[in-house]
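Letter by letter, the chains look like this.
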Amino acid sequence: MILGTGLDLVEVARIADLVRRHGERFLKRVYTDAELEYCLPRASRDVHLAGRFAAKEAVFKALGTGWSETVSWRQIEILPGPSGAPEATLRRGALDRLQAMGGRRVHLSITHTADLASASAIIEG
Amino acid sequence: MRDIVTQFICEAFPAGAQGRRIEGDTSLLESGLIDSTGVLELVEFLESRFGISVDDADLVPENLDSIDRICRFLARKGAGAAPADGPARASGRLSG
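What counts, and at which threshold
Residues numbered from 1 in each chain as written. Chains lettered and ligands numbered in written order. Predicted model: local features only at pLDDT ≥ 70, side-chain atom pairs only at ≥ 80, totals over all residues. Heavy atoms only, no water. Buried < 20%, exposed > 50% of the residue type's maximum accessible area, 1.4 Å probe, protein only. Helix = DSSP H or I, 4+ residues; strand = E, 2+ residues; numbered from the N terminus. Arc of directions from axis to C-beta. Contact = heavy atoms within 4.5 Å. Polar contact = N/O pair within 3.5 Å; in protein donor to acceptor, adjacent residues only side chain to side chain. Axes fitted to C-alpha atoms, helices over the stretch in contact; angles between N-to-C directions. Parallel < 35°, antiparallel > 145°, perpendicular 65-115°, else oblique. Nonpolar A, V, L, I, M, F, W, Y, C, P; charged D, E, K, R; others polar. Pairing = 2+ DSSP bridges. Buried area = accessible area lost by both parts, 1.4 Å probe. Salt bridge = Lys/Arg side-chain N within 4 Å of Asp/Glu carboxyl O.

Draft legend 1. Layout of helix H4 (residues 92-100) of chain A. Residue and element names in this part refer to chain A. Of the residues making up H4, those classed as buried are Gly93, Ala94 and Leu98. With its buried residues spanning 140° around the axis, H4 presents them on a single face. Facing away from the buried side of H4, by more than 90 degrees, are the exposed residues Arg92, Gln99 and Ala100. Packing partners of the buried residues in H4 comprise helix H3 (45-63), strand E2 (76-80), strand E3 (86-90), strand E4 (105-112) and strand E5 (116-124). The first or second residue beyond H4 is Gly102, which carries a positive phi of 85°.

Okay, structure coming up:
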């Protein structure tokens, strides 16, 4: 049973601008250490960071919370699974919210061009 | 302080502001003035311009989702405006 869906679109240039201007302070505010280890060495670093940001926002929407007191960006970690497809790991407030709504699994898809990154999330109960 | 915050929002997010007057209690997100990426741009601006540190626990609508809330938050943080011609000002202009 589908319990929630979310879709988000991010301009890569805005994420790149935040990284360029604010560096580690911005990165540590939004991304987990594992996400940074995955994204930062890549030639298309900004695209990967933007895709993850879109994915986190899509999961927010699927959880029905948006930006809130209880769920923040670092509580949702987006990393490649065994097949290479992105998988979301939820922690703390985000996990609490998922469990409260009866969610068992988050399905995630990310796509991008050089300028835009988009992600969709579906929560299955 | 209020004028600086208002000016930043109008300049950094012109598509949302579109020349309209922003009331102090207007929700910046619900009104479409800023989006989620814009929240982060706003936070980085506040840190740079006012010399404060925004912790994860501070990143909530109660502190940031209107100009009134931002001003109260800055006051609680003991914010002081950084020099207008210093590096902090350079970070005040963000493309949308």
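Once you've had a look at it, read on.
Draft legend 2. Structural context of the environment of Thr32(A). Residue and element names in this part refer to chain A. Tracing the chain through its elements places Thr32 in the loop between helix H1 (12-30) and helix H2 (33-39). You can call Thr32 buried: its relative accessible area is 6%. Once the C-alpha coordinates of Thr32 and Glu124 are considered, the two residues, 92 residues apart in sequence, prove to be 24 Å apart. Residues in contact with Thr32, not counting those within four places in the same chain, are Arg74, Glu77 and Arg91. Within the structure, the side chain of Thr32 is placed 2.7 Å from the side chain of Glu77, a separation counted as a polar contact.

Draft legend 3. Looking closely at the packing of H1(A) against H3(A). Residues and elements named next belong to chain A. Two elements in contact, H1 and H3, have axes separated by 10 Å at closest approach and are oriented at 75°. Classified by the angle their axes make, H1 and H3 are roughly perpendicular. Packed against H1, whose contacting residues are Val12, Ile15, Ala16, Val19, Leu27 and Val30, the element H3 presents Arg45, Asp46, Val47, Leu49, Ala50, Phe53 and Lys56 at the interface. Looking at the contact of H1 with H3, its residues break down into 10 nonpolar, no polar and 3 charged.

Draft legend 4. Structural detail: the sheet that holds strand E1 (residues 2-11) of chain A. Residue and element names in this part refer to chain A. If you walk across this open sheet you meet the 3 strands as E1-E5-E4, and the pairing is antiparallel. Looking at strand neighbours, the two that pair on one side only are E1 and E4, the edges of this open sheet. With direction set aside, neighbouring strand axes in the sheet form an average angle of 10°. In terms of strand pairing, E4 meets E5 through 8 bridges, oriented antiparallel. Bridge assignment links Leu108 to a residue of E5, and that residue is Ala121. Strands in contact with H1 are E1 and E5; relative to E1, the strand with the most contacts, it is inclined by about 70°.

Draft legend 5. Up close: the pairing of E5(A). Residues and elements named next belong to chain A. Pairing of E1 with E5 involves 9 bridges; the strand directions are antiparallel. By the bridge assignment, Val10 is partnered in E5 with Ala117. Between E4 and E5, which pair antiparallel and follow one another directly, the connecting turn spans 3 residues.

Draft legend 6. Region of interest: the interface of chain B and chain A. Each partner contributes to the interface: chain B provides 27 residues, whereas chain A provides 19 residues. If you sort the residues of chain B by the area they bury against chain A, Thr37(B), Leu40(B) and Glu44(B) come out on top, with a joint share of 28%. The tally of links between chain B and chain A comes to 6 salt bridges. Two residues, Glu41(B) and Arg14(A), come together in a salt bridge whose shortest N-O distance is 3.0 Å. Here chain B is connected to chain A by 9 residue pairs in polar contact (both at pLDDT 80 or more). Mapped onto the side of chain B that touches chain A, the elements with two or more residues apiece are helix H3 (36-50) and helix H4 (61-64) of chain B. It is H3(B) that provides the largest number of residues to the side of chain B that touches chain A, a total of 10 residues. The residue makeup of the side of chain B that touches chain A, split by class, is 12 nonpolar, 7 polar and 8 charged.

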